[in-house]
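# Structural features, examined
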Amino acid sequence: MVDLSKITCIEDFRALARRRVPRMFYDYVDAGSWSQATYLANERDFALMELRQRVCVNIAGRSTRTTMIGEAVAMPVAIAPTGIAGMQHADGEILGARAAKAFGVPFTLSTMSVCALEDIAAHTGRHPFWFQLYVMKDRGFVAELIERARAANVSALQLTLDLQLPGLRHKDIKNGLSTPPKPTLRNLLNLALRPRWCLGMARTRRHGFGNIMGHVSGVTDMSSLASWTADQFDPTLSWADVEWIKGRWGGKLILKGIMDPEDARLAVATGADALVVSNHGGRQLDGTCSSIRALPAIVDAVGAHMEVWMDGGVRSGQDVLKARALGARGVQIGRAFNYALGACGEAGVRRALEIIQNDLSVSMALCGRTAIDDVDGSILLPSR
């Protein structure tokens, strides 16, 4: 058993997940595309930012509570949508959703999740959550997903715009990560060294893509799923499709994958409620800038018209604080969530959220602020 009180940062969870999660699934989360330059820049550029320390300020009664698209949150952090989180830990998306509910932050389920929309609703008492939608060529299936999301009590739809085709993810290719995974000798030996993970998977019936299998004609097993999925990501995705989805959904809409001010202005024109400055965690276009560097220009362009969030490289409460200082209303965490999930399941996710919130509260106080909504650019030192 791991003493969670001794885990003090997200890096501790990452090291533990590396030992507990099979290599192909750990690398799926931990790696970026091609040279990984953008993935590494996401963290590095946060580290280059310096906070302005203040003293002799009354820092009693601190609060990290705020809102994201009108929903009350314990801190301005949401769990990002990540594919196959249910392969980091058995029933992973269910565990993540329960941890998020208990802590008071939003959980976002991916279209490419292992656990289905209905699983999340059933295991959280129909607590509201968010659903991330990929736009498939099969618009009938997209419409069905939207209706299933509505029935599952999804409170916001998050549309990912930057995956019309997959980035060049070299580690996934080397590891044989496919649908179904390739049973190479290396992979089988790696599984044998992770009995805890294997036992958890043996105890659950959820091993496929729960939002797709059983809901698409002809997709009955992992092999048929692979051929269907490979043909479904739509290279013709346009702003007209976003308008169609917004009209079909009718509820709160978040657009994820914006990295350019011009695209941000086009996003505003759709009537969406929020956008996420995101380079997909450095897993799509390598060689582009970090999300935190792209953030200020987008806030300047559209921040008066819609909420602007960001993801990519957030590993601590200080990162959350810096993003808020640059104008982000909130952030999303993907890798931090998956490391904690793979390492220690639901309890790990709760502990990761506690670590981030405590780090945020203490750092905010040492910068002379007691309320997260009072944080602005004045808490940062000028760049050198």
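In what follows, the structure referred to is the one given above.
Everything in this summary refers to the structure shown in the same document.

The rules behind the values
- Residues numbered from 1 in each chain as written.
- Predicted model: local features only at pLDDT ≥ 70, side-chain atom pairs only at ≥ 80, totals over all residues.
- Heavy atoms only, no water.
- Patch = residues over 30% accessible without salt bridge, like charges linked within 9 Å, V, L, I, M, F, W, Y side chains within 5 Å.
- Areas by Shrake-Rupley, 256 points an atom, 1.4 Å probe, with all protein chains shown as cover.
- Salt bridge = Lys/Arg side-chain N within 4 Å of Asp/Glu carboxyl O.
- Lys, Arg positive; Asp, Glu negative; His and termini not counted.
- Charge placed at Lys NZ, Arg CZ, Asp CG, Glu CD.
- Helix = DSSP H or I, 4+ residues; strand = E, 2+ residues; numbered from the N terminus.
- Buried < 20%, exposed > 50% of the residue type's maximum accessible area, 1.4 Å probe, protein only.
- 1 Å grid on protein atoms, 1.4 Å probe; cavity = no way out; pocket = protein on both sides within 12 Å on 5 of 7 lines; lining within 4 Å.
- Points joined across faces, edges and corners; volume = space filled by probe spheres on them.
- Polar contact = N/O pair within 3.5 Å; in protein donor to acceptor, adjacent residues only side chain to side chain.
- Contact = heavy atoms within 4.5 Å.
- Phe/Tyr/Trp six-rings, centres within 6.5 Å; stacked < 30°, edge-to-face > 60°.
- Lys NZ or Arg CZ within 6 Å of the ring centre and 35° of its normal.
- Core = buried A, V, L, I, M, F, W, Y, C linked by side-chain atoms within 4.5 Å.

Time to look at a positive patch on the surface. The grouping of Arg18, Arg23, Lys171 and Arg186 at the surface amounts to a positive patch. Relative to the elements of secondary structure, Arg23 occurs in helix α2 (residues 23-30).

So, on to the environment of Ala41. Structurally, the position occupied by Ala41 is in helix α3 (residues 37-48). Accessibility expressed as a relative area gives 5% for Ala41, which makes it buried. For the pair Ala41 and Gly210, spaced 169 residues apart in sequence, the C-alpha to C-alpha distance is 33 Å.

Counted as a void, the second largest pocket has a volume near 350 Å³. In terms of lining residues, the second largest pocket is bounded by 17 residues, among which Leu161, Asp162, Gln164, Leu237 and Gly257 are the most central. Secondary structure elements with two or more residues in the lining of the second largest pocket: α11 (239-249) and β7 (252-258).

So, on to the side chain of Arg335. Structurally, Arg335 is set in helix α15 (residues 335-366). Look at Arg335: it is buried, it has no salt bridge, and the nearest opposite charge is Asp30 at 5.3 Å. Among the polar contacts made by the side chain of Arg335, one reaches the main-chain carbonyl oxygen of Ala31 at a distance of 2.9 Å. Not counting chain neighbours up to four residues away, the residues in contact with Arg335 comprise Val29, Asp30, Ala31, Gly32, Tyr39, Gly281, Arg283 and Arg315.

With that settled, consider the pattern of salt bridges. Enumeration over the complete set of coordinates arrives at 17 salt bridges. Between Lys256 and Asp311 there is a salt bridge; the shortest N-O distance is 3.6 Å. Remark: Asp311 occurs in strand β9 (residues 307-311) and Lys256 occurs in strand β7; sequence separation between them is 55 residues. Of the charged contacts, one joins Arg329 and Asp373 as a salt bridge, the two residues approaching to 3.8 Å between their closest N and O atoms. Of this pair, Arg329 sits in the loop between α14 (317-325) and β10 (330-333) while Asp373 is found in the segment after α15, placing the two residues 44 residues apart along the sequence. Residue Arg329 is classed as partly exposed on the basis of its relative accessible area of 26%. Among the charged side chains, a salt-bridge network with shared partners connects Asp91, Asp119 and Arg206.

Let's shift gears to the packing of aromatic side chains. Evaluated as defined, the whole model comprises 5 aromatic pairs. Taking 5.7 Å as the distance between ring centres and 25° as the angle between the ring planes, the aromatic pair formed by Phe25 and Trp197 counts as stacked. Here Phe25 is found in helix α2, whereas its partner Trp197 is found in helix α9 (residues 195-202), with 172 residues between them in sequence. A residue is classified by how much of its surface remains accessible, and Phe25, at 7% relative accessible area, is buried. Above the plane of the ring of Tyr28 lies Arg283, whose end atom (NZ or CZ) is 4.4 Å from the centre.

Buried together is how nonpolar side chains tend to be arranged in soluble globular proteins. Phe13, Leu275 and Met310 are the most contacted members of the largest nonpolar core, which has 111 residues in total. In terms of residues, this core owes the most to one element, α15, which gives 14 residues. Setting aside anything within four residues of it in sequence, one finds Phe13 in contact with Leu4, Ile7, Tyr339, Ala340, Ala343, Cys344, Gly348, Arg351, Ala352 and Ile355. Formed by 10 residues, the second largest nonpolar core is a distinct cluster that contains Ile69, Trp130, Ala274 and Val276.

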